[in-house]
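Spelled out, the chains give:
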Amino acid sequence: MLKKYWVFIALPVLLLGLASMVKNPAQEWSVKKSDWNIGVALYSFNRFPFPATLEKAKTAGVKYVEGFDFHKLGSDFGDKTMNELVPSDASKVRKLLKQNGLKMKSMYVGKAQDKEGWEKAFELAKSLKIEYLVAEPKREHWDMVDKLAGEYKVKIALHQHSREAGSIYWHPDSVLSAIKNHPNFGACGDLGHWTRSGLDAVESLKKLEGHLISIHLKDLDASKQSAKDVMVGKGVIDFEGVVQELQRQRFDGEVYAECEHKMEDNLGDVTHAVKYFGNLTP
């Protein structure tokens, strides 16, 4: 009788132990606040020379920065813009990044308007060891840009300016149309521009599942064309929903804080955005 009693007690314990050893796929992966690859889009500091923008990004506590090709780099670079750099300048850029403990994996391209311009952009990316270009290529350039991206092994993250700005990529459906049959295309989801176009940021992320390379992090005071950029977390974007969706997708790309207000003195708001998003966990 005593033996049967111990079997009765031990069996449920054994079953519970076995059950704990079986991983639940839905819970196996999770994002912790330290896991987000948070960076700063240097456009946030576009009033300042390149060395100063890196110092600001370092102060904000990030590891990554995203450059932009029309950035006026300052006197240290002979007042050139990013897309005017020569190989020796590129070496200086990489040195400055290393000194500040930063990586520049991406660059926004706004200057490329023809094949020559795109070839120049990819050459610059190669010299700077950039992994992907954030851009909005013309529809007639899709095949050419995709081919160059494959040759240079540098991806294209399609950016979405707002409908008001006239971007052909303002809606996720148009981004998916461009990605189709272009294996080197992905997406840079801009939470603010989606909201300005009247779209829901979380639903837009869902539509681009499997294609998101990076995210532009900003907030707006309303979901309409006339909306103004505000401190992240103080506007209308559902950031808890954004984080939950990115977790569901197992997103591991970069999230770049991009501040488009108080441009002469916005380091505090950029730092706040970095900390705010970094502390959001499902």
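Rules behind the numbers
Residues numbered from 1 in each chain as written. Predicted model: local features only at pLDDT ≥ 70, side-chain atom pairs only at ≥ 80, totals over all residues. Heavy atoms only, no water. Buried < 20%, exposed > 50% of the residue type's maximum accessible area, 1.4 Å probe, protein only. Helix = DSSP H or I, 4+ residues; strand = E, 2+ residues; numbered from the N terminus. Pairing = 2+ DSSP bridges. Right-handed = clockwise from strand over helix to strand, strands pointing away. Salt bridge = Lys/Arg side-chain N within 4 Å of Asp/Glu carboxyl O.

Asker: Pulling in residues and values, what's your account of the pairing of strand 6 (residues 185-190)?
Answerer: Burial of strand 6 is extensive: six of the six residues sit out of reach of the surface. The two faces of strand 6 match: Phe185, Ala187 and Gly189 on one face and Gly186, Cys188 and Asp190 on the other face are all buried. Two elements, strand 5 (residues 155-159) and strand 6, share four bridges in a ladder whose sense is parallel. Counterpart to Ala157 in the pairing with strand 6 is Gly186. Note that the unit made of strand 5, helix 7 (residues 172-179) and strand 6 has a crossover that is right-handed. Two strands pair when backbone bridges link them, and strand 6 and strand 7 (residues 212-217) are joined in this way by four bridges, in the parallel orientation. Bridging from a neighbouring strand, Ala187 pairs with Leu212 of strand 7.

Asker: Report on the pattern of salt bridges, specifying residues and quantitative values.
Answerer: Charged atoms that come close allow side chains of opposite charge to pair. In this structure the tally under the stated criterion is 12 salt bridges. The partner of Asp190 in a salt bridge is Lys218, with the nearest N and O atoms 2.7 Å apart. Of this pair, Asp190 sits in strand 6 while Lys218 sits in the loop between strand 7 and strand 8 (219-220), and the two are 28 residues apart along the sequence. Using a relative accessible area of 0% as the deciding quantity, one classes Asp190 as buried. The class for Lys218 is buried, based on a relative accessible area of 1%. Each of Lys105, Glu131 and Glu254 takes part in a single network of salt bridges with overlapping partners.

Asker: Summarise the environment of Gly61; cite the residues concerned and give the values.
Answerer: If you trace the backbone, Gly61 turns up in the loop between helix 3 (50-60) and strand 2 (64-68). Between the C-alpha atoms of Gly61 and Ile38, which are 23 residues apart in sequence, the distance is 9.0 Å.

Asker: So what's going on with unusual backbone geometry? Which residues, and what values?
Answerer: Trans peptide bonds make up the majority, and among non-glycine residues the majority have a negative phi. The phi angle at Lys129 is positive, at roughly 60 degrees, despite the residue not being glycine. Examined against the element boundaries, Lys129 turns out to sit in the loop between helix 5 (115-128) and strand 4 (132-135). Since its relative accessible area comes to 62%, Lys129 is described here as exposed. Despite not being glycine, Lys153 shows a phi value in the positive range, around 60 degrees. Position of Lys153 among the secondary structure elements: in the loop between helix 6 (142-152) and strand 5. Take Lys153: its relative accessible area is 71%, and that puts it in the exposed class.

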